[in-house]
Every structure is written in C-alpha cells, then in structure tokens.
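Geometric and topological summary
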Amino acid sequence: MADQAIRAGQCVSQLRCIGCGRTALPDRFRCEHCRDLLEIIYPGWEERGPGGLDQASLKRFWSERHSSLEPADQSGVWRFREILPEIPERQIITIREGNTPVYELTHCAKSAGVSQLFAKHQGMNPTGSFKDTGMTVAASFAKQAGYRWVACASTGNTSASMAAYAARGGLHSLVLIPDGKISWSKLSQSLDYGALTCQLKTDFDGCVRVLNEVVERMPVYLLNSVNPYRVEGQKTVAFELLEHFEWEPPDHIIVPGGNLANSSAIGKALREMKQLGFISRLPQISVIQAEGANPLVRTIRETDGERLISVHADTMATAIRIGNPASWKKALRVIRETEGTVEQVSEMEIALAKAEIGAEGIGCEPASAVTLAGLKKLVKQGFVKRNESVVLVLTGHVLKDAEFTLKFHRGDLFEGTPYESESRKLKSHQRSPLVLDPNVEAVIELLRSAEQ
C-alpha cells in the first residue's frame, strides 16, 4: 500500500517531520526517528509554483471552477487542488464539501466591542462540521492507497464525517468513542452512515491510545487529525476565506481549540499564501479553549510552550473536550508565527456566546461559540482593537448538539452544577416555548406584549 501511495504523490508532495525535518513515507503519521508529527510540503513550488501556474492563473482557475459541473470542481476543497496532494480524480471521494458561507455578525460585534465581525461557518459542510474538508482528502488518499478499512477515535464530529466519506467511497469504517461523552446527534450520524461504532469506557484520549494499537496491528488507515492529509484539506478554509475578502487578510482569525489541527491547518494555509504571494501579511490567529479543557492555554502560560500540560478534560462543549491534543506543537508554531494568543472561557461564557450567535439567525454548536466568548476577553485586554476586522471560525452546526440548546432555553442547562445560581443571568437570552389556550385572542395578546 505504501508503494502505491509513493507512486501517486512522489512528483508533487513530501511528508516531512515538524521536529527533525526528515522525510517520511506517505502513509505514516509520526516520524520514525523522533516521533514528532508530520506535515506535507511541496518542494516544486519554489521553482515553478503550484501546478506550474502563477498566482493570477491560479486565481482564475479557482474562480472559474465555481461554474463547473465536475464533482471535483464543485468541491470547495478540490477546487483548490493545485495546492493539495496529487490524487487521481477517479479516486476522489467528495460530497461537495467546502464553499461555506461568511456571515457578518452585527449584533455580536456590538456585544464584543468591535466594529467588524464575521463568521466563516464550517458547520455548513455536508455532515455539519469542518471535519469534512479534511476528511475528503484523507479518505481519498486511503482509497487510492488500497486500504479497505479506515478508523478514528472521536468526540463526535470526526466519526460522523469519516463514516460518511467511507460510505461514499466504498470503504469500511471503525469508530471508537468515549462512553456517554458525546452528543447523541453526532453519534446518530456515524450509525446512519454504517460505521462499526464502539463506545469505550474511557475518555477521548483513552480511545486514541486503543486505536493507535489497532492500526499498528491491522491494515486499517487512521483518519484522526494526526493524519497530515486531513490538515491539507482543512487548510482550504483559509483559501476560501481570503478569496471571499478578495485576498485582503482580516486582522484576526479566532479558532476553537480541541485537538488543535484546525488552527494548525489555517496557519499552514496562510504561510503558503504568503509564500506564493497571495497575501503580504499574516492575520493574527488566536485559539480559544474551554476552562475545563485548556491544555494549550496551560502549556503556554506555565511552560512557555516547552512541554505539553495534559488535563482531564471536562466541558459541555463536547467537540473540544480533549485534554491531550495531538497537534499542540503545530498550533503553538502558528500562534507564534502570526503573533496570536490563547485564551480560555467558562461554561457560562460559552452558553451566553452561543445564544448571541443564535440570535443572529446563524447558530452553532457550543464548541464554536468559544470564539465569540474569547473575543470579548481579547477586546477587554486590548489585544483586539475596536477598529480591527475579526473572523470567527464556527466549526459545527447548531443541530450537532440540540440537547444543549434545548436545555439552555428551558433554563436547566446548569441545573445541579456549580453554575446553577449564576445561570440566572442568562434568563434574558432564553426562549422556552410558551403554553397558551387555543384561541386567537391569547396569541394576539402575546404578540402585543412582546412588542413592548
């Protein structure tokens, strides 16, 4: 299988260790010498550019593909295939991922204290999360390399995405999830898409440990975020975003922090765009974590990034309930290169921010809302200035965790928790259903009182 992969990608891309700089075989995930993560590089770009094309030609091709009916062109990932690993078109697995909207958030901007606030909503991908953009590339690689089984450990979004792409590509999929620690909405997706789904009596990090042993002993291809092909697909969100802004970077991009591959991918894309001359400066990338799942925050504040401080993750924002993030070194490099920062937010701050985004008619899952909650803190600290442009990356759809939303609006989200008394402050944002008598006058009276 590795030989097939080498033949497919040898002329375009290479895998390189982020630590020692050695190259690796295309179906590896860690360096065999120092055990650091790998990243994909494109040695030919310096001499002839991606696909042998200059910047103007690339922009034209990427724009023209919007009107094409070819499956690869209709994908917001493969539309940018010149900056991706070479995979034969017949092997590409696509569900028309990417091409996600950018929304202006006027009310949230006022709440945060900035003049320009936008959201790049990756929850509008086919399975409802940003994972699809990476999964299309990694699953396609697995298919062209001859694998029959793909697998992941997941807090929910990865499993839903992997199961969908495996089903579309005729592959078998194995999902390991922490027992009772993910949203049922997300679990239902992997079941519906036909994955062999196992709930392990451990947390996410325990699932990762088990899965790593499975892929060592069986011909199963790992599709977690340590997979460098995942990162390549996920980086296209930054190309889409800058294309939307006519290649003028915003001042800040704010990203949720879970396993940290998303911030790593966006940073890699911006680095490549600057290398290729698409942009002249880098936006500042900041990563926001939940207080109960804050390993990167603690790593930077307590060790200055010298060593990872793992935590026992505990947050209602299940998509980022990760205490031992695999891509922490990549994310740290991005934050330093772009002069960004890290921040943490409480469960209360997450719930409030999620309600405020929902009130804009957009909606997102709890993990996405950490971006707005974190932005408020960064503005108060003076890190983000009022007149600077900010983009929040929303990573998951509001229906990914409908139970959280329902509990919030019923007023019992924090029932029995240390936040219960404090949660009364959220009452003005709650919209629980009202019970009325079945007559017109009752409804009209309610309408009149609501306008006051």
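Here, every reference points to the structure presented above.
Read on for a plain summary of the structure. (Residues numbered from 1 in each chain as written. Predicted model: local features only at pLDDT ≥ 70, side-chain atom pairs only at ≥ 80, totals over all residues. Heavy atoms only, no water.)

1. Regarding the packing of helix 15 (residues 347-358) against helix 16 (residues 366-380)
- One can describe the packing of helix 15 onto helix 16 by two numbers: an axis separation of 7 Å at closest approach and a directional angle of 100 degrees. Put simply, helix 15 runs roughly perpendicular to helix 16. Together, E349, I350, L352, A353, K354, E356 and I357 of helix 15 and P366, A369, V370, L372, A373, K376 and K377 of helix 16 make up the contact between the two elements.
- Of the residues that constitute the contact of helix 15 with helix 16, the class distribution is nine nonpolar, no polar and five charged. (Axes fitted to C-alpha atoms, helices over the stretch in contact; angles between N-to-C directions. Helix = DSSP H or I, 4+ residues; strand = E, 2+ residues; numbered from the N terminus. Parallel < 35°, antiparallel > 145°, perpendicular 65-115°, else oblique. Contact = heavy atoms within 4.5 Å. Nonpolar A, V, L, I, M, F, W, Y, C, P; charged D, E, K, R; others polar.)

2. Section: helix 3 (residues 55-64)
- Inspection of helix 3 places S57, L58 and W62 among the buried residues, and these make up the whole buried set. Projected down its long axis, helix 3 carries its buried residues within an arc of 130 degrees, all on one side.
- Lining the buried residues of helix 3 we find helix 11 (236-244). (Buried < 20%, exposed > 50% of the residue type's maximum accessible area, 1.4 Å probe, protein only. Arc of directions from axis to C-beta.)

3. Here we look at a nonpolar patch on the surface
- Taken together, the side chains of L434, L436, V443, L446 and L447 make up a nonpolar region of the molecular surface, amounting to roughly 450 Å² of accessible area.
- Positionally, L447 belongs in helix 18 (residues 440-451).
- In this structure L447 comes out as exposed when scored by relative accessible area, which is 55%. (Patch = residues over 30% accessible without salt bridge, like charges linked within 9 Å, V, L, I, M, F, W, Y side chains within 5 Å. Areas by Shrake-Rupley, 256 points an atom, 1.4 Å probe, with all protein chains shown as cover. Salt bridge = Lys/Arg side-chain N within 4 Å of Asp/Glu carboxyl O.)

4. As for unusual backbone geometry
- Positioned with a positive phi, R96 is a non-glycine residue whose angle comes to about 60 degrees.
- Residue R96 is classed as exposed on the basis of its relative accessible area of 58%.
- The phi dihedral of D304 falls on the positive side, at around 55 degrees, and the residue is not glycine.
- Tracing the backbone through its elements, the reader meets D304 in the loop between helix 13 (295-303) and helix 14 (328-338).
- Owing to a relative accessible area of 51%, D304 belongs among the exposed residues under this scheme.

5. Some words on the sheet that holds strand 3 (residues 38-41)
- The sheet built from three strands is open, its strands ordered 2-1-3 with antiparallel pairing. The open sheet has two free edges, formed respectively by strand 2 (23-24) and strand 3, since each of these has just one partner strand.
- Relative to strand 2, strand 1 (residues 14-17) is paired through two bridges, and the arrangement is antiparallel. Within strand 2, the position partnered with L15 by the bridge is A24. (Pairing = 2+ DSSP bridges.)

6. Describing the layout of surface pockets
- The computed volume of the largest pocket comes to approximately 790 Å³.
- Looking at the largest pocket, it is lined by 33 residues, and the ones nearest its centre are F29, R30, N212, L222 and V226.
- Those elements that place two or more of their residues in the lining of the largest pocket are helix 9 (204-217), strand 9 (220-222) and helix 14.
- Here the lining of the largest pocket gets eight residues from one element, more than from any other, and that element is helix 9.
- Roughly 380 Å³ of volume is contained in the second largest pocket.
- Mapped onto the lining of the second largest pocket, the elements with two or more residues apiece are helix 8 (184-192) and helix 17 (402-410).
- By residue class, the composition of the lining of the second largest pocket is seven nonpolar, four polar and seven charged. (1 Å grid on protein atoms, 1.4 Å probe; cavity = no way out; pocket = protein on both sides within 12 Å on 5 of 7 lines; lining within 4 Å. Points joined across faces, edges and corners; volume = space filled by probe spheres on them.)

These figures come from the coordinates and say nothing about function on their own.
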